[in-house]
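Each chain, letter by letter, is given below.
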Amino acid sequence: MGAFCSVIKFENLQELKRLCHWGPIIALGVIAICSTMAMIDSVLWYWPLHTTGGSVNFIMLINWTVMILYNYFNAMFIGPGFVPLGWKPENSQDSMYLQYCKVCQAYKAPRSHHCRKCNRCVLKMDHHCPWINNCCGFQNHASFTLFLLLAPLGCIHAAFIFVMTMYTQLYNRLSFGWNTVKVDMSAARRDPLPLIPFGLAAFAATLFALGLALGTTIAVGMLFFIQAKDRIQYYQLDEVFVFPYDMGSRWKNFKQVFTWSGVPEGDGLAWPIREGCHQYDLTIEQLKQKADKRVRSVRYRVIEDYSGACCPLNKGIKTFFTSPCTEEPRIRLQRGEFILATRGLRYWLYGDKILDDSFVEGVSRIRGWFPRNCVEKCPCDAETDQAPEGEKKNR
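The present account deals with the structure reproduced in this document.

Cut-offs and rules
Residues numbered from 1 in each chain as written. Predicted model: local features only at pLDDT ≥ 70, side-chain atom pairs only at ≥ 80, totals over all residues. Heavy atoms only, no water. Helix = DSSP H or I, 4+ residues; strand = E, 2+ residues; numbered from the N terminus. Buried < 20%, exposed > 50% of the residue type's maximum accessible area, 1.4 Å probe, protein only. Contact = heavy atoms within 4.5 Å. Polar contact = N/O pair within 3.5 Å; in protein donor to acceptor, adjacent residues only side chain to side chain. Axes fitted to C-alpha atoms, helices over the stretch in contact; angles between N-to-C directions. Parallel < 35°, antiparallel > 145°, perpendicular 65-115°, else oblique. Nonpolar A, V, L, I, M, F, W, Y, C, P; charged D, E, K, R; others polar. Salt bridge = Lys/Arg side-chain N within 4 Å of Asp/Glu carboxyl O. Phe/Tyr/Trp six-rings, centres within 6.5 Å; stacked < 30°, edge-to-face > 60°.

### Quick word on the environment of Glu304
Within the fold, Glu304 resides in the loop between strand S9 (298–302) and helix H8 (317–321). Since its relative accessible area comes to 32%, Glu304 is described here as partly exposed. In this structure the C-alpha to C-alpha distance between Glu304 and Cys374, which are 70 residues apart in sequence, comes to 4.8 Å. Non-local contacts of Glu304, meaning those with residues more than four positions away in its chain, are made with Asn314, Lys315, Arg335, Asn373 and Cys374. Of the polar contacts made by the side chain of Glu304, one reaches the side chain of Lys315; its length is 2.8 Å.

### Observations concerning the packing of helix H2 (residues 22–46) against helix H3 (residues 52–78)
A pair of packed helices is captured by two measures, namely the crossing angle of their axes and the spacing between those axes. Interhelical geometry of H2 versus H3 gives an angle of 170 degrees and a closest axis separation of 10 Å. The angle between H2 and H3 falls in the class roughly antiparallel. Contact residues: Gly23, Pro24, Ala27, Leu28, Ile31, Ser35, Ala38, Met39, Ser42 and Val43 in H2; Asn57, Phe58, Leu61, Ile62, Thr65, Ile68, Leu69, Tyr72, Phe73 and Met76 in H3. Here the residues of the contact of H2 with H3 are counted per class, giving 15 nonpolar, five polar and no charged.

### Overview of the pattern of salt bridges
Close approach of charged atoms allows side chains with opposite charge to pair. For the structure shown, the criterion picks out five salt bridges. For Glu337, the salt bridge identified is with Lys353, shortest N-O distance 3.6 Å. With Glu337 in the loop between H8 and strand S10 (338–344) and Lys353 in strand S11 (residues 348–354), this pair connects stretches of sequence that are 16 residues apart. When its relative accessible area of 22% is taken as the criterion, Glu337 is described as partly exposed. A relative accessible area of 9% means that Lys353 is categorised as buried. Among the salt bridges present, the one from Asp352 reaches Arg367, with a minimum N-O distance of 2.7 Å. Residue Asp352 is found in strand S11, and its partner Arg367 is found in strand S12 (residues 365–371); the two are separated by 15 residues along the sequence. Under the relative-accessibility criterion, Asp352 is labelled buried at 5%. For Arg367, a relative accessible area of 37% translates into the label partly exposed.

### Considerations on the packing of aromatic side chains
The full count for this structure, using the stated rule, is 15 aromatic pairs. Taking 5.9 Å as the distance between ring centres and 5 degrees as the angle between the ring planes, the aromatic pair formed by Phe73 and Phe77 counts as stacked. With Phe73 and Phe77 both in helix H3, this residue pair falls four residues apart, about one helical turn. With a relative accessible area of 8%, Phe77 lands in the buried category.

Okay, here's the thing in structure tokens:
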């Protein structure tokens, strides 16, 4: 009922616009194709409803579809929750530990970040997910994680149906000669004959749905693994850092997100912390990292024009196939311009294009990704050999 109630509570229909995006269109299309084909294949050609096993199998397919869609729409429409506009900590002295967001005119609560897509500071922000066209955060973390778990399980079940359908229907239709393989699509496997024969079109549709199911299982399964694994490593530096919101037990951490009511514990602004830690330890550490990142930024000079294409064909095969899988923008470059890179991959860098030659902090910049082979280090930075994040690891 959570997803339905969230729709009823809309003050207007603006939230429904989230469906008009390539992410939800593709995701819902895959769910519809796999679910529909699995039910059709099962009932007509593999496991008929008049058998006990067929009835149980059909109910399980419907169950997967309902649970997947329920958690998907929950994650999309309930949303992550946002820091209230103009929010400030109750104790004014605590504001010294927090960053201030000029867009929201509010302080960023612990574990919150500003999302450029949503244009709001998101509570316990994980990332902005294009597949739900919304952020994953405090309020929808459980629904999003359950969707990532249920989608691969449902696709595995559907893939089994597809494989068994093709096997049982083609078993008596294949004949092998010394140099030929013949397929007689008029031969029937089941008695009595199905209402709709398993023809070439049905075979092609089943094979296509099988590809979608297997691809979804791998892709979404990897996302679930990333969500489920321990994330404390992302905050560790050379020194020992104790993550303040890790309660010391996976079960205790689990209960903070997954509850019987479906509503996570707390309000997303203040968090229970482990013994010996401070409420703002993570925020203080992030401020240190931000200051350190400014020091370690590397200046590059553009040596080759770049159009800003997502997957440029003229920058090499490796650059084309390793384009960052993100909705973050690309920067259009022209020879002679300068870039301040803050992080990078093996063949791509991320940073700010400086629009004047002063290199003074605070000047206007354009931020995004660009190919590494379009730039070279400025001599002053090359001497210090200070590389952006990820560059030294990839050497």
